[in-house]
Amino acid sequence: MESVIISKYIEYQNINGHGSITVKEKGLVIDKENPVLAASVDGKVTDPTNKYHPEGNIEVKYKLYPSKLKEQVDEKVPLLKTLAQHTRNFCLEITESKLKLKGKHSYHIQVQGGMAITRQSWCDFVVYTTFMNHEDIYIERIYIDPTFWEGLKKKLLDFYLYAMVPELLTGRVKRGIPMYPKIFSYK
C-alpha cells in the first residue's frame, strides 16, 4: 500500500506546485553517533522547489475508513477531516479548521526520530484513506524540532542503557522479575 500512497503523493504534489518531486525508497537507517538507535523511513524525497533543503523524508500511513462512519460521508467534507472529528485516537486533529498531526501522537515521535537519525530537516507526513468511490490524502511538511529530539534521544538512550542492556545480561523480565524499577522507569 505504501507504493500506491507514494504515487498518489507524487501526483498530488506535482499538481500543487511541487513539480519534479521524486521519492526514493529508503528503509532502516542506523544513527551514526549512537548506533543503538535506528529509524525506518518510508522514503527520501527530493523537492527541487525547496531551494535551501531540497531533500527530506516521507512517512506514509493508510487509515482504513470505518464503515460505521458511512453515514458521515459528505462530498463537501474530506474523509480525513471526518475521521479526525469522529475517531478519538486518530493521528490528525482539527486546529483552526485545518488538519494537523497531533503533537503527542506516536507518529509525531516517529517522524521526529526519523528526521534526526537521517539528518534531514523536514519530512512530508502523508495520510491516505478511501471509502467506496471516495478517496482523501493529507500531506503535512513537518520540520525537525531539535529540542524535542534531544529529550527523546535521552529517553531512548536511557532505556537502552538501563533497561535493555541489563535485561540482555540477566533475563529478569523473561523470568518474571520486574525490570530495575529504582534505576529506570519509563514515562
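Scoring rules and cut-offs
- Residues numbered from 1 in each chain as written.
- Predicted model: local features only at pLDDT ≥ 70, side-chain atom pairs only at ≥ 80, totals over all residues.
- Heavy atoms only, no water.
- Patch = residues over 30% accessible without salt bridge, like charges linked within 9 Å, V, L, I, M, F, W, Y side chains within 5 Å.
- Areas by Shrake-Rupley, 256 points an atom, 1.4 Å probe, with all protein chains shown as cover.
- Salt bridge = Lys/Arg side-chain N within 4 Å of Asp/Glu carboxyl O.
- Helix = DSSP H or I, 4+ residues; strand = E, 2+ residues; numbered from the N terminus.
- Phe/Tyr/Trp six-rings, centres within 6.5 Å; stacked < 30°, edge-to-face > 60°.
- Buried < 20%, exposed > 50% of the residue type's maximum accessible area, 1.4 Å probe, protein only.
- Lys NZ or Arg CZ within 6 Å of the ring centre and 35° of its normal.
- Expected span 1.5 Å × (residues − 1).

Peer 1: Tell me what's going on with a nonpolar patch on the surface, and back it up with residues and numbers.
Peer 2: On the surface, F159, M164, L168, V173 and M179 cluster together into a nonpolar patch covering about 430 Å² of accessible area. Tracing the backbone shows V173 in the segment after α4 (146–170).

Peer 1: Tell me about the packing of aromatic side chains, and please be specific about residues and values.
Peer 2: On inspection of all chains with the given rule, the structure shows 3 aromatic pairs. Relative to F131, the ring of Y65 lies with its centre 5.0 Å away and its plane at 45°, an arrangement referred to as tilted. Residue Y65 is located in the loop between β3 (55–62) and α2 (79–86), and its partner F131 is located in strand β6 (residues 122–131); the two are separated by 66 residues in the primary sequence. In this pair, the class of Y65 matches that of F131, namely buried. Residues Y107 and F125 carry aromatic rings whose centres are separated by 6.0 Å and whose planes lie at 50° to one another, so their mutual orientation is tilted. With Y107 in helix α3 (residues 106–118) and F125 in strand β6, this residue pair connects regions lying 18 residues apart in the sequence. The positively charged end of K61 is found above the aromatic ring belonging to Y107, 4.3 Å away from the centroid.

Peer 1: Describe α3, listing the residues and the values that go with them.
Peer 2: Over its 13 residues, α3 runs 18 Å from end to end, which matches the ideal 18 Å to within 8%, given 1.5 Å per residue. Note on α3: the residue one or two positions beyond its end, R119, has a positive phi of about 60°.

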